[in-house]
Amino acid sequence: MTDLVETARPTGAGRTDMGKIAAAAGLAVVLWASAFVAIRGVGHALSPAPLALLRLGIAAVTLTVIAAARRAVRVRLSRKAFLLIAAYAVLWLAGYTVALNAGERHVDAGTAALLVNLAPLLVAIAAGKFLGEGFSRSLIAGALVALGGTALIATGATVQRDWAGVLLCLLAAALYAAGVMIQKVTLRHVDGLTAIWLGCVVATVVLLPWAPQLVGELKVASTGVVLGAVYLGVFPTAIGFTAWAYALRRMDAGRLSAVTYAVPAVSVLLSWLLLAEIPTVYGLFGGVLCLTGVAISRRR
């Protein structure tokens, strides 16, 4: 069994390539931010694991169609590549999704976004230590500024915090960081579309024990809940993770992960537009700090 894709790590990118990377990262940020809103909308009707199963199953089907349309389906992988895909599928796609679903049952979206976005700091530290990406001053400074912004957003949350939710969101952040690190190595052995496609398939299989519970909950779920779950599977998962994989294969993990600090700011804006929730002063200033931190982290 041999790898069917090149394993060399890209050494640089032109202006056009950087534009595509920025667009892919921006798309992932917007879609992932919308996931916080969607999860809050459907999380009351579907339990954490069944919701994750439905979301990832829909994503797996969507990516299968995309891969087949592009004639990019590749199933001949080295044992190492498959094990890496399985590892990040279990940790990030399955574990993170279930933990976040459970966490948002206990805490508001602003608090969840803050806690989950501790992950980029963990990624930056781990990537600097284990992947040789180093610790630039701009990366560390930008990360700290953006983290302060997410703290302001969470401070403006009015819903009472629950320690169970806090711990679950911290677990989600740790799984997120571990998944990014493993995926970065995985993308040296397989292309992004194949990696996320097979990852969603593996994660779906892992969550199949909750299929009977999912069937029972879907029988009493409203059409809006089902459509919300479909949205989570197609957009934040299938499209969002594919866009992220495209950018991650072409950019340092630490620097790219810092971009996700914009997620809480975008979440505030989407909540305002879609749920008619007026942002607090903390939310507005926190959003500005998040975006400022991202800009600082991008400086070389």
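Read on for a plain summary of the structure. (Residues numbered from 1 in each chain as written. Predicted model: local features only at pLDDT ≥ 70, side-chain atom pairs only at ≥ 80, totals over all residues. Heavy atoms only, no water.)

Quick word on the overall build of the chain
And then number 1: The helix and strand tally for the chain stands at 13 helices and zero strands.
And then number 2: The N-to-C order of helical and strand elements in the chain reads α-α-α-α-α-α-α-α-α-α-α-α-α.
And then number 3: Scored against the burial criterion, the 300 residues of the chain give a buried share of 55%.
And then number 4: A fraction of 92% describes how many contacts in the chain between residues 6 or more apart in sequence connect residues 24 or more apart.
And then number 5: When the accessible surface of the chain is totalled, it reaches about 13,300 Å², and 68% of it is carbon and sulfur. (Helix = DSSP H or I, 4+ residues; strand = E, 2+ residues; numbered from the N terminus. Buried < 20%, exposed > 50% of the residue type's maximum accessible area, 1.4 Å probe, protein only. Contact = heavy atoms within 4.5 Å. Areas by Shrake-Rupley, 256 points an atom, 1.4 Å probe, with all protein chains shown as cover.)

Focus: the side chain of serine 47
And then number 1: Note that serine 47 resides in the loop between helix 1 (15-42) and helix 2 (48-69).
And then number 2: The buried category is assigned to serine 47, whose relative accessible area is 13%.
And then number 3: Polar side-chain contacts of serine 47 include one of 3.1 Å to the side chain of glutamine 213.
And then number 4: Leaving out residues up to four positions away in the same chain, serine 47 has contacts with Arg105, Gln213 and Glu217. (Polar contact = N/O pair within 3.5 Å; in protein donor to acceptor, adjacent residues only side chain to side chain.)

Some words on the nonpolar core
Taken as a class, soluble globular proteins show a tendency for nonpolar side chains to be buried jointly.
And then number 1: Core analysis: the largest hydrophobic core is formed by 85 residues, its most contacted members being Trp92, Leu93, Tyr96, Tyr176, Cys200 and Trp244.
And then number 2: Ranked by residue count, the leading element in this core is helix 1, at 13 residues.
And then number 3: Those residues in contact with tyrosine 96, other than ones at most four positions away along the chain, are Leu91, Val116, Ala172, Leu175 and Tyr176. (Core = buried A, V, L, I, M, F, W, Y, C linked by side-chain atoms within 4.5 Å.)

With respect to the side chain of threonine 204
And then number 1: Topologically, threonine 204 is positioned in helix 8 (residues 192-206).
And then number 2: Among residues more than four places away in sequence, those in contact with threonine 204 are Leu53, Leu56, Gly57 and Ala60.

Here we look at the packing of aromatic side chains
And then number 1: Under the definition given, this model contains nine aromatic pairs.
And then number 2: With 5.0 Å between their ring centres and 70° between their planes, tryptophan 92 and phenylalanine 241 make a pair best called edge-to-face. Linking tryptophan 92 in helix 3 (residues 79-103) with phenylalanine 241 in helix 10 (residues 223-249), this pair joins segments that are 149 residues apart in sequence. Across the pair, exposure class does not vary: tryptophan 92 and phenylalanine 241 are buried alike.
And then number 3: An aromatic cluster of at least three residues, connected via ring pairs, comprises Trp32, Trp92, Tyr96, Tyr176, Phe241 and Trp244. (Phe/Tyr/Trp six-rings, centres within 6.5 Å; stacked < 30°, edge-to-face > 60°.)

A word on helix 3
And then number 1: Spanning 25 residues, helix 3 covers 34 Å between terminal C-alpha atoms, matching the ideal 36 Å at 1.5 Å per step.
And then number 2: Alanine 89 marks where helix 3 bends most, by close to 35°. (Expected span 1.5 Å × (residues − 1). Bend = angle between axes of the 7 residues up to and from the residue.)

Remarks on the packing of helix 3 against helix 8
And then number 1: Between helix 3 and helix 8, the least distance of the axes is 8 Å, while the angle of their chain directions is 60°. Helix 3 and helix 8 meet at a crossing whose hand is right-handed. Facing helix 3, whose interface residues are Phe82, Ile85, Ala86, Tyr88, Ala89, Val90, Leu93 and Ala94, helix 8 presents Ala195, Ile196, Leu198, Gly199, Cys200, Val202, Ala203 and Val206. (Axes fitted to C-alpha atoms, helices over the stretch in contact; angles between N-to-C directions. Left-handed = near helix turned anticlockwise from the far one by under 90°.)

Observations regarding the environment of leucine 31
And then number 1: Note that leucine 31 resides in helix 1.
And then number 2: When its relative accessible area of 9% is taken as the criterion, leucine 31 is described as buried.
And then number 3: Setting aside anything within four residues of it in sequence, one finds leucine 31 in contact with Tyr231, Phe235, Pro236, Ile239 and Gly240.

So, the packing of helix 8 against helix 10
And then number 1: Contact pair helix 8 / helix 10: the axes reach a minimum separation of 9 Å and the direction vectors enclose 140°. It follows that helix 8 is oblique to helix 10 by the angle criterion. At the point where helix 8 passes helix 10, the crossing takes the right-handed sense. Mapping the contact onto sequence places Gly192, Leu193, Ile196 and Cys200 in helix 8 and Thr237, Phe241, Thr242 and Ala245 in helix 10. (Parallel < 35°, antiparallel > 145°, perpendicular 65-115°, else oblique.)

A short note on the environment of glycine 216
And then number 1: Summarising the element assignment, glycine 216 is placed in helix 9 (residues 211-220).
And then number 2: Residue glycine 216 is classed as partly exposed on the basis of its relative accessible area of 37%.
And then number 3: Sequence spacing of glycine 216 and proline 50 is 166 residues, and the spatial spacing of their C-alpha atoms is 9.9 Å.

Side note on a nonpolar patch on the surface
And then number 1: Together, Leu269, Trp272, Leu273 and Leu274 make up a nonpolar patch on the protein surface, roughly 440 Å² of accessible area in all.
And then number 2: Classification of leucine 274 as exposed rests on a relative accessible area of 60%. (Patch = residues over 30% accessible without salt bridge, like charges linked within 9 Å, V, L, I, M, F, W, Y side chains within 5 Å. Salt bridge = Lys/Arg side-chain N within 4 Å of Asp/Glu carboxyl O.)

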